[in-house]
There are 2 protein chains.
Amino acid sequence: MKVGIKIMPRDVILDTQGRAVENSMKANGFELQSCRVGKFLELSLVTADQIKAQADVEKMLKQGGLYNPLIEKFEIQFM
Amino acid sequence: MKVGIKIMPRDVILDTQGRAVENSMKANGFELQSCRVGKFLELSLVTADQIKAQADVEKMLKQGGLYNPLIEKFEIQFM
């Protein structure tokens, strides 16, 4: 089954990449209030069980080091 | 309003970053078939109109250079 993982910088963290996009868009005349940039991972898992998939993905994130809990937060999306 | 933009490498493009994550996860004993890594942008727009937001975001992507159509595809998510 396919699982999406959205990894974004935590709200309290200054996101320099997002700030750069925001300033660039504003300089080009687009109207926006803010922008934050994160990562998106699409995993194809062997299992078809959603509960097992959720547990596996959380383990990958936490033990496999796919995200940094100090500065990032994640969200799992089933696709 | 908040809009999410998922930017992923096109399916035909070799995603070296995704391949690296895939191999690393496999080496750590996780079961997965494949992994692709992309970007996720969260924009806060001034407008509250969904149709205008969609048009604005597409313009930012195409004219503002937020994505490379040769190697990437995008998906707009309203949050």
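Here is what the cut-offs are and how they apply
Residues numbered from 1 in each chain as written. Chains lettered and ligands numbered in written order. Predicted model: local features only at pLDDT ≥ 70, side-chain atom pairs only at ≥ 80, totals over all residues. Heavy atoms only, no water. Helix = DSSP H or I, 4+ residues; strand = E, 2+ residues; numbered from the N terminus. Buried < 20%, exposed > 50% of the residue type's maximum accessible area, 1.4 Å probe, protein only. Contact = heavy atoms within 4.5 Å. Pairing = 2+ DSSP bridges.

K.L.:
Explain the environment of Ala20 of chain B here, please?
P.N.:
The topology assignment puts Ala20 of chain B in helix 1 (residues 16-27). Exposure remark for Ala20 of chain B: the relative accessible area of 45% places this residue in the partly exposed category.

K.L.:
Looking at this structure, I do not really get the environment of Cys35 of chain A. What am I missing?
P.N.:
Structurally, Cys35 of chain A is set in strand 2 (residues 32-45). A relative accessible area of 4% means that Cys35 of chain A is categorised as buried. With 18 residues separating them along the chain, Cys35 of chain A and Gln17 of chain A place their C-alpha atoms 8.8 Å apart. The contact partners of Cys35 of chain A, leaving out residues within four places of it in the chain, are Asp15, Gly18, Arg19, Val21 and Glu22 of chain A together with Leu41, Glu42 and Leu43 of chain B.

K.L.:
What is the right way to read the side chain of Asp56 of chain B from this model?
P.N.:
Secondary-structure assignment places Asp56 of chain B in helix 2 (residues 50-62). A relative accessible area of 16% places Asp56 of chain B in the buried class. In contact with Asp56 of chain B, other than residues within four places in its own chain, are Phe30 of chain A together with Thr47 of chain B.

K.L.:
I tried to follow the pairing of strand 1 (residues 2-9) of chain B on my own but got confused; where do I start?
P.N.:
Consecutive residues of a regular strand have side chains that alternate between opposite faces of the sheet. All names here are of chain B. With 7 of 8 residues buried, strand 1 lies mostly within the body of the structure. Sheet analysis places strand 1 next to strand 2 (residues 32-45), joined by 6 bridges and oriented antiparallel. Note that in strand 2 the partner of Lys6 across the bridge is Phe40. Where strand 1 lies against strand 3 (residues 72-78), 7 bridges are found, and the strand directions are antiparallel. Bridge assignment links Ile5 to a residue of strand 3, and that residue is Ile76.

Distances and angles like these do not, on their own, reveal function.
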